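Observations on the model geometry
Letter by letter, the chains look like this.
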Amino acid sequence: MATNSGAQTPGLRPPLAMLAELTHRCPLQCPYCSNPLELARRSDELTTAEWVDVFEQAAALGVLQVHLSGGEPTARSDLKEIVAAARAAGLYSNLITAGVLLTRPRLEELVEVGLDHVQLSIQDSDPANAERIGNYAGGFERKMAVASWVRELELPLTVNAVVHRQNLDHLEEIIALARRLGAHRLEIANVQYYGWALENRAALMPTRAQVERATAAAEAAREQHRGAMAIDYVVPDYYARRPKRCMDGWGNQFFAVTPRGRVLPCHAAETITGMTFSSVRERSLRWIWHHDAAFNRFRGVDWMPEPCRSCEYRERDLGGCRCQAFALTGDAAATDPVCALSEHHGALVALAEADAGGGSAPFRYRRYEGAREKRAARPGH
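Residues numbered from 1 in each chain as written. Predicted model: local features only at pLDDT ≥ 70, side-chain atom pairs only at ≥ 80, totals over all residues. Heavy atoms only, no water.

Description of the overall build of the protein chain
Here is the rule we go by: Here a helix means four or more residues in a row that DSSP labels H or I, a strand means two or more in a row labelled E, and each is numbered from the N terminus. Summary of the burial criterion: residues with accessible area below 20% of their type's maximum are buried, those above 50% are exposed, and those between are partly exposed, where the area comes from a 1.4 Å probe applied to protein chains only. Residue contacts follow a heavy-atom distance rule, with two residues in contact if any of their heavy atoms lie within 4.5 Å. Reported accessibility uses the Shrake-Rupley method at a 1.4 Å probe radius. Residues are deemed covered only where the shown protein chains occlude them. In this charge count, Lys and Arg are treated as positive and Asp and Glu as negative; neither His nor the chain ends contribute. A charge is said to be at NZ when it belongs to Lys, at CZ for Arg, at CG for Asp and at CD for Glu.
Scanning the protein chain for helices and strands turns up 15 helices and nine strands. Each of the three principal axes of the protein chain carries a C-alpha extent, and together these read 55 × 50 × 45 Å. Expressed as a percentage of its 381 residues, the buried residues of the protein chain come to 55%. A sequence separation of at least 24 residues applies to 74% of the contacts in the protein chain between residues at least 6 apart. Surface accessibility of the protein chain: about 16,000 Å² in total, with carbon and sulfur atoms responsible for 51%. Averaged over its 44 positive side-chain charges, the protein chain has a centre that lies 1 Å from the centre of its 46 negative ones.

Below, the structure is given as structure tokens:
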């Protein structure tokens, strides 16, 4: 593990949070999976000792919270040691999980060694559709059990629901389910179309009418549950007119560490081909945060082309999403096509409406089509 520190970069704030992608292994096969198309092998994953060192470096750099993710982080047999290491480093730990591999005793162990928060993903409020989307038989019931254990162990719970054309009409029921589960927060995450989701865009893109109904439902629910459950919801990019301040800016307050140890300024940055990202096996986190070329490439506003460079909103949105710009234009430095001022905006809207008219297009699952049937035949499923 590298330990070279490097000098401070004047004016650059320390990061507040890191995403620790512990593994790409996952029993679900979600068609919008945010992991890269090329998955890391188990043999390539950072070891327990390497993650311990990463957490210590992160804390020294200024990080306050670590999000333990994947793939499915509970696929790691050393998760207890990893959670304990986060606590020892003084980091607030959030387990981002599909829940289907968890047991009550294992969750109790994680709480005992310092787990602070659980973020549980759901695919729908309808059990059959949820299991079709995740391509995992019996998953819905397991998730409901995990939510009850989290509540019984008095951990705060966030429910994460990725929404798209094939579940967005159930948004009111999804919100009601999250409330019944005792969630403190509900994150309604519209699919971001890069990586595997881009492969399934024709099956996932919602219609404009769906988006309008969902936006109204989310706004009403925010008022209804104010003070009891926070609700995060933003309009999906393809139907917006202004880009979002993606991840609070490229390499601005956040970084991700992949299972192989690569450090990214955005969790999807590896979708931008031609960029090179440093590894914690070669460089220290401090050096990467301050000096890595990939981190500095899209920081601030000096890199921006027109019309972004002259735009009054440039400090507000910081150029939007670089991964989306690359996915749609082939140029990571291009104006985010979500912006109405982009030369590509009209084509983006047309593309969204064309994909949204595709009906119930079949999913191309993350791995292979026969997995669900084979899994259902195993004992215990």
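Moving on from the coordinates now.
Quick notes on the side chain of Thr74
Let me state the cut-off plainly: For the purposes of these results, a polar contact is taken to be a pair of N or O atoms within 3.5 Å, where, inside protein, one atom must be able to donate a hydrogen and its partner to accept one; residues adjacent in sequence count only when each atom of the pair is a side-chain atom.
Checked against the element boundaries, Thr74 lands in the loop between strand S2 (65-69) and helix H2 (79-88). Within the structure, the side chain of Thr74 is placed 2.5 Å from the side chain of Glu72, a separation counted as a polar contact. Those residues within four positions of Thr74 in sequence are excluded, and the remaining contacts are Leu79, Leu95, Thr97, Leu101, Leu102 and Arg106.

Considering the nonpolar core
The following threshold applies: Here the nonpolar core consists of buried residues drawn from Ala, Val, Leu, Ile, Met, Phe, Trp, Tyr and Cys, with membership extended through side-chain atoms lying within 4.5 Å.
Within the largest apolar cluster, 89 residues are counted, with the highest numbers of intra-cluster contacts made by Met18, Trp51, Val54, Phe55, Leu68, Leu157 and Phe255. Among the elements that make up this core, the one with the highest residue count is helix H5 (residues 139-152) (six residues).

As for the environment of Arg76
Tracing the sequence through the fold places Arg76 in the loop between S2 and H2. Taking the C-alpha atoms as reference points, Arg76 and Arg42, separated by 34 residues in sequence, lie 9.5 Å from one another. For Arg76, the side chain forms a polar contact with the main-chain oxygen of Leu22, separated by 3.1 Å.

Notes on the pattern of salt bridges
Our working definition: In what follows, salt bridge is the name for a side-chain nitrogen of Lys or Arg lying within 4 Å of a carboxyl oxygen of Asp or Glu.
This model, assessed by the stated rule, comprises 17 salt bridges. Put simply, Arg213 and Asp169 hold a salt bridge, and the shortest N to O gap is 3.0 Å. Placement of the pair is Arg213 in helix H9 (residues 208-224) and Asp169 in the loop between strand S5 (157-163) and helix H6 (171-180), with a sequence separation of 44 residues. The partly exposed category is assigned to Arg213, whose relative accessible area is 48%.

A few points about helix H13 (residues 322-329)
Here H13 has its buried residues at Arg322, Cys323, Gln324, Ala325 and Phe326. Positive phi appears at Gly330, one or two residues downstream of H13, with a value of about 80°.

Focus: unusual backbone geometry
In this model, Gly70 is joined to Gly71 through a cis peptide bond whose omega is 15°. Here Gly71 is to be found in the loop between S2 and H2. With an omega dihedral of 5°, the bond running from Glu306 to Pro307 counts as a cis peptide bond. Counting through the fold element by element, Pro307 comes out in the loop between helix H11 (293-297) and helix H12 (314-317). Backbone geometry places Glu154, a non-glycine residue, at a positive phi of 60°. Turning to its location among the elements, Glu154 is positioned in the loop between H5 and S5. Positive phi values are uncommon outside glycine, yet Met247 reaches one of about 55°.

Thoughts on the packing of aromatic side chains
We apply this condition: Ring pairs shown here join Phe, Tyr and Trp side chains whose ring centres sit within 6.5 Å, with only the six-membered ring taken for Trp; geometry is labelled stacked below 30 degrees between planes, edge-to-face above 60, and tilted in between. Sitting over a ring, as applied to charges here, requires NZ of Lys or CZ of Arg to be within 6 Å of the ring centre and within 35 degrees of the ring normal.
This structure, assessed with the given rule, holds seven aromatic pairs. A ring pair is formed by Trp289 and Phe295, whose centres lie 5.8 Å apart and whose planes are at 65°; its orientation type is edge-to-face. Just as Trp289 is buried, Phe295 falls in that class too. Relative to Tyr365, the ring of Phe363 has its centre 5.9 Å away and its plane inclined at 70°; by these criteria the two rings are edge-to-face. Overall, the relative accessible area of 7% leaves Tyr365 in the buried class. Three or more aromatic residues link up through ring pairs in this structure, and these residues are Trp250, Phe298 and Trp303. Sitting over the ring of Trp287, Arg283 keeps its end group 3.8 Å from the ring centre.

Things to note about the sheet that holds S2
For clarity, the cut-off: One requirement defines pairing of two strands: DSSP has to find at least two bridges between them.
Read from one edge to the other, the open sheet built from nine strands follows the order S7-S6-S5-S4-S3-S2-S1-S8-S9, with strand pairing classed as mixed. The sheet is open, and its two edges are formed by strand S7 (230-233) and strand S9 (263-264), each paired on a single side. Sheet topology note: the strand S1 (residues 17-21)/S2 ladder contains five bridges and is parallel. Along S2, the bridge assignment pairs Glu21 with Ser69.

Things to note about the packing of helix H1 (residues 48-61) against H2
Applied cut-off: Under this scheme, a helix contributes an axis fitted over its contacting stretch, all axes are lines through C-alpha atoms, and angles between N-to-C directions fall in the 0 to 180 degree range. If an angle is under 35 degrees, it is roughly parallel; if it is over 145, roughly antiparallel; if it lies from 65 to 115, roughly perpendicular; otherwise it is oblique. Definitions for this section: a left-handed crossing has its near helix turned counterclockwise from the far helix by less than a right angle. A right-handed crossing has that turn clockwise. Side-chain classes follow a simple rule in which Ala, Val, Leu, Ile, Met, Phe, Trp, Tyr, Cys and Pro form the nonpolar group, Asp, Glu, Lys and Arg form the charged group, and the remainder, Gly included, forms the polar group.
Between H1 and H2, the least distance of the axes is 9 Å, while the angle of their chain directions is 20°. Here H2 runs roughly parallel to H1, going by the angle between their axes. By crossing handedness, the relation of H1 to H2 is classed as right-handed. For the pair H1 and H2, contact is made by Thr48, Trp51, Val52 and Phe55 and by Glu81, Ile82, Ala85 and Ala86, respectively. For the contact of H1 with H2, the residue count by class is six nonpolar, one polar and one charged.

Concerning the packing of H2 against helix H3 (residues 104-112)
At a closest axis distance of 9 Å, the pairing of H2 and H3 adopts a crossing angle of 25°. Considering their axes alone, H2 and H3 lie roughly parallel with respect to each other. Crossing of H2 over H3 shows right-handed handedness. Taken together, the residues of H3 that come into contact with H2 (itself represented by Leu79, Lys80 and Val83) are Arg106, Glu109 and Leu110. Within the contact of H2 with H3, the residues separate by chemical class into three nonpolar, no polar and three charged.

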